[in-house]
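Single-letter residue listing:
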Amino acid sequence: MSDAAIALQRFGLGARPDQPLADDPRGWLTAQIARYRPAPPPVAAAPTSAAVATDLVAYQAEQRTIRQTTGAPAPLPAVAPEPMMAGQAMQPAVAPAVPPARDARMAARQAARRVAQDRYVALVGARTAAAVATDTPFAERLVHFWSNHFAVSADKLELVGLAGTLEMEAIRPHVMGRFADMLFAVERHPAMLLYLDQAVSVGPDSPLGARIAGRGRRKVGLNENLAREIMELHTLGVRTGYTQADVTEFARAMTGWTVGGIGGGPGARLAGEATPGSFVFAAPIHQPGARTIIGRTYPEGGEAQAQAVLADLAVHPATARHVATKLACHFAGDTPPPAMVARLERAFLSSGGDLPTVYRALIASPEAWTPAPAKFRTPWEWTIATYRALGLAEVRPQTVLGLLNQLGQPVWKPGQPIGYDDTAPSWAGPDAIMRRVEAAERFAARSGASVDARALAPRLFPAAVSPATTQALARAESPGQALALLLVSPEMMRR
């Protein structure tokens with residue numbers, strides 16, 4: 001790979017034929033730090049968490065109404081019998097059966113899921129359109145990197161519409177800022193609070209926890225999911241010196257962090273007049289007392305207690321190494337080069353977690369510029385690179401959804417807090433390759449006659465098209481076949 005091809009493919013999202021090549025690949029990447037726009041038109045028009053939360057509030061209200069309804073509604077009038085034919089037996093009038101409350105609740109849930117799915121589709125469309133059109137593809141790749149680092153999964157009803165808003169509202173505005181600011185925004189976002197069950201976490205000795213326990217009616221208690229994943233996945237990384245006791249103490253500090261108006265926890269009902277979907281600190285469920293976490297004591301301070309813990313985790317040396325390792329893996333190979341990891345770690349620590357400083361160190365790292373392809377493209381990366389290569393300006397969200405479902409990487413649905421894997425074994429199996437071949441043939445069937453793959457290849461991969469690929473394109477029996485071959489060539493599959 002040439003430096004120009006590395007900048008376009010490994011750091012960027014793939015070349016667009018209508019965008020000029022950069023004379024200075026490293027300078028082109030660095031300039032994107034200042035030129036990045038957090039809210040391009042597709043993102044600015046996308047649904048917000050407030051809109052999704054309003055949908056959920058309406059659904060919850062409908063469910064309450066169904067539960068509170070006593071007695072069956074009045075039956076509809078009986079259907080008058082048809083005129084009888086001679087010799088026909090008389091049939092009694094039959095009133096339509098009244099659906100039970102369970103069926104009404106199920107119908108309401110199905111309707112709410114359809115509304116949430118519409119929001120999800122719109123957000124996928126916004127993400128895709130922004131990635132396809134952007135002239136700052138390095139910055140856009142970083143958005144996707146951080147969204148997977150702080151992964152949520154759009155599986156529960158509440159998360160279907162909210163998962164994408166976390167990327168739009170908590171990731172995008174902070175990609176070119178401080179890691180601590182991104183961390184604060186993510187952990188307070190409704191998608192994260194609901195996904196990792198923070199909204200149902202209640203301090204056992206909090207005013208509400210003690211009152212509920214005294215009644216003996218039901219159990220409420222601490223939920224450690226968010227605290228654990230913050231330490232294990234978002235900041236310090238696994239096996240970095242913290243203990244189970246630290247996780248528990250952090251979970252106690254975070255009690256009271258909840259979401260206004262939605263979710264199944266008591267915090268939502270204590271949110272008062274808060275905007276649905278907004279972050280709320282509910283003091284009645286906060287576990288009182290000082291906390292000691294990784295050797296440091298945090299005095300009682302309500303909401304500020306957990307904020308102080310997050311501030312320390314954001315600049316911890318283990319966090320710097322964890323972030324540096326993941327960035328090196330993403331840009332320089334499945335086995336991160338130790339020297340590069342150390343360089344990024346120093347940039348993180350010396351700048352207090354200033355992400356542009358880390359990105360400049362990334363661009364300057366010689367390990368990221370090795371001529372041999374360093375990574376195998378994920379389905380998302382391959383799809384966006386294909387759209388960009390073909391200059392497809394129109395993005396049909398349902399088509400993108402169907403393709404990524406087929407390729408095995410549905411958007412914002414990793415199914416686990418660790419996000420999607422970032423190494424080749426997860427994406428380079430024979431079945432996965434065959435699905436891409438089939439998808440490439442469909443792209444070629446739509447665009448092949450109008451695209452000259454032989455002329456397109458050097459624009460996509462400047463000074464980096466192999467003799468084998470050149471020969472395969474030259475021998476293709478038709479323009480469509482040539483294009484399909486280009487889309488599954490080694491140059492297109494790897495970066």
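For the structure, see preceding data.
In this report, we go over the structure that sits alongside the text. (Residues numbered from 1 in each chain as written. Predicted model: local features only at pLDDT ≥ 70, side-chain atom pairs only at ≥ 80, totals over all residues. Heavy atoms only, no water.)

1. Re the overall build of the protein
Working step 1: Looking only at helices and strands, one finds 24 helices and four strands in the protein.
Working step 2: Along the first, second and third principal axes, the C-alpha set of the protein runs to 85 × 80 × 35 Å.
Working step 3: Counting all 495 residues of the protein, 51% fall into the buried class.
Working step 4: Per element, the accessible surface of the protein, about 21,400 Å² overall, is 57% carbon and sulfur.
Working step 5: Taking the average place of the 49 positive charges on the side chains of the protein and the average place of its 42 negative ones, the gap between the two points comes to 2 Å. (Helix = DSSP H or I, 4+ residues; strand = E, 2+ residues; numbered from the N terminus. Buried < 20%, exposed > 50% of the residue type's maximum accessible area, 1.4 Å probe, protein only. Areas by Shrake-Rupley, 256 points an atom, 1.4 Å probe, with all protein chains shown as cover. Lys, Arg positive; Asp, Glu negative; His and termini not counted. Charge placed at Lys NZ, Arg CZ, Asp CG, Glu CD.)

2. Some points on the packing of aromatic side chains
The description of an aromatic ring pair rests on the distance of the ring centres and on the angle between the ring planes.
Working step 1: As enumerated under the stated definition, the model contains 15 aromatic pairs in all.
Working step 2: Where Trp146 meets Phe150, the ring centres are 6.2 Å apart and the plane angle is 25°; that geometry is what we call stacked.
Working step 3: By way of ring pairs, the aromatic residues Phe11, Phe138, Phe331, Tyr359 and Trp369 are connected into one cluster.
Working step 4: Sitting over the ring of Trp380, Arg127 keeps its end group 4.4 Å from the ring centre.
Working step 5: Lying across the ring of Tyr120, Lys413 places its NZ or CZ 4.8 Å from the centre. (Phe/Tyr/Trp six-rings, centres within 6.5 Å; stacked < 30°, edge-to-face > 60°. Lys NZ or Arg CZ within 6 Å of the ring centre and 35° of its normal.)

3. Overview of unusual backbone geometry
Working step 1: Look at Arg239: it is not a glycine, yet its phi comes out positive at around 50°.
Working step 2: Tracing the backbone through its elements, the reader meets Arg239 in the loop between helix 11 (225-234) and helix 12 (244-254).
Working step 3: Phi at Ala463 takes a positive value of approximately 55°, unusual for a residue other than glycine.
Working step 4: Within the secondary structure layout, Ala463 lies in the loop between helix 21 (453-460) and helix 22 (467-475).

4. Points about the pattern of salt bridges
Working step 1: For the coordinates displayed, the defined rule picks out 20 salt bridges.
Working step 2: The salt bridge partner of Arg26 is Asp3, with a shortest N-O separation of 3.0 Å. Remark: Asp3 occurs in helix 1 (residues 3-11) and Arg26 occurs in helix 2 (residues 25-35); sequence separation between them is 23 residues.
Working step 3: Given the relative accessible area of 33%, Asp3 is considered partly exposed.
Working step 4: Glu381 is the salt-bridge partner of Arg141, the closest N and O atoms lying 2.8 Å from each other. With Arg141 in helix 6 (residues 137-149) and Glu381 in helix 18 (residues 379-389), this residue pair connects regions lying 240 residues apart in the sequence. In terms of burial, Arg141 and Glu381 fall into one category: buried.
Working step 5: A cluster of three or more residues bridged by salt bridges with shared partners is formed by Arg141, Glu381 and Arg495. (Salt bridge = Lys/Arg side-chain N within 4 Å of Asp/Glu carboxyl O.)

5. Examining the nonpolar core
Working step 1: One finds Phe11, Trp146, Val175 and Phe250 to be the most contacted residues of the largest nonpolar core, which totals 143 residues.
Working step 2: Considering each element in turn, this core owes the most residues, eleven residues, to helix 5 (residues 101-133).
Working step 3: In this view, Phe11 contacts Ile6, Leu29, Pro137, Phe138, Arg141, Phe331, Leu362, Ile363, Ala368 and Trp369; residues no more than four positions away in its chain are not counted.
Working step 4: Grouped together as the second largest cluster of nonpolar side chains are five residues, Val202, Ile212, Ala282 and Ile285 included. (Core = buried A, V, L, I, M, F, W, Y, C linked by side-chain atoms within 4.5 Å. Contact = heavy atoms within 4.5 Å.)

6. Brief notes about a positive patch on the surface
Working step 1: Together, Arg64, Arg67, Arg102 and Arg105 line one region of the surface with positive charge.
Working step 2: Where the positive patch is concerned, the elements lending two or more residues are helix 4 (49-68) and helix 5. (Patch = residues over 30% accessible without salt bridge, like charges linked within 9 Å, V, L, I, M, F, W, Y side chains within 5 Å.)

7. Looking at the environment of Asp197
Working step 1: For Asp197, the position within the fold is in the loop between helix 9 (190-195) and helix 10 (207-215).
Working step 2: Here Asp197 falls in the partly exposed class, since its relative accessible area comes to 25%.
Working step 3: Along the primary structure Asp197 and Phe184 are separated by 13 residues, whereas in three dimensions their C-alpha atoms are 17 Å apart.
Working step 4: Every residue in contact with Asp197, bar those within four places of it in the chain, is listed here: Lys156, Asn223 and Asn225.

8. Focus: the packing of helix 12 against helix 14 (residues 303-314)
For any two helices packed against each other, the geometry comes down to the angle between their axes and how far apart the axes lie.
Working step 1: Relative orientation of the contacting elements helix 12 and helix 14 amounts to 130°, with a least axis distance of 7 Å. By the angle between their axes, helix 12 is oblique relative to helix 14. The two elements helix 12 and helix 14 cross, and the hand of that crossing is left-handed. The segment helix 12 lies against helix 14, with Phe250, Ala253 and Met254 engaging Gln305, Ala306, Val309, Leu310 and Leu313.
Working step 2: Residues of the contact of helix 12 with helix 14, tallied by class, amount to seven nonpolar, one polar and no charged. (Axes fitted to C-alpha atoms, helices over the stretch in contact; angles between N-to-C directions. Parallel < 35°, antiparallel > 145°, perpendicular 65-115°, else oblique. Left-handed = near helix turned anticlockwise from the far one by under 90°. Nonpolar A, V, L, I, M, F, W, Y, C, P; charged D, E, K, R; others polar.)

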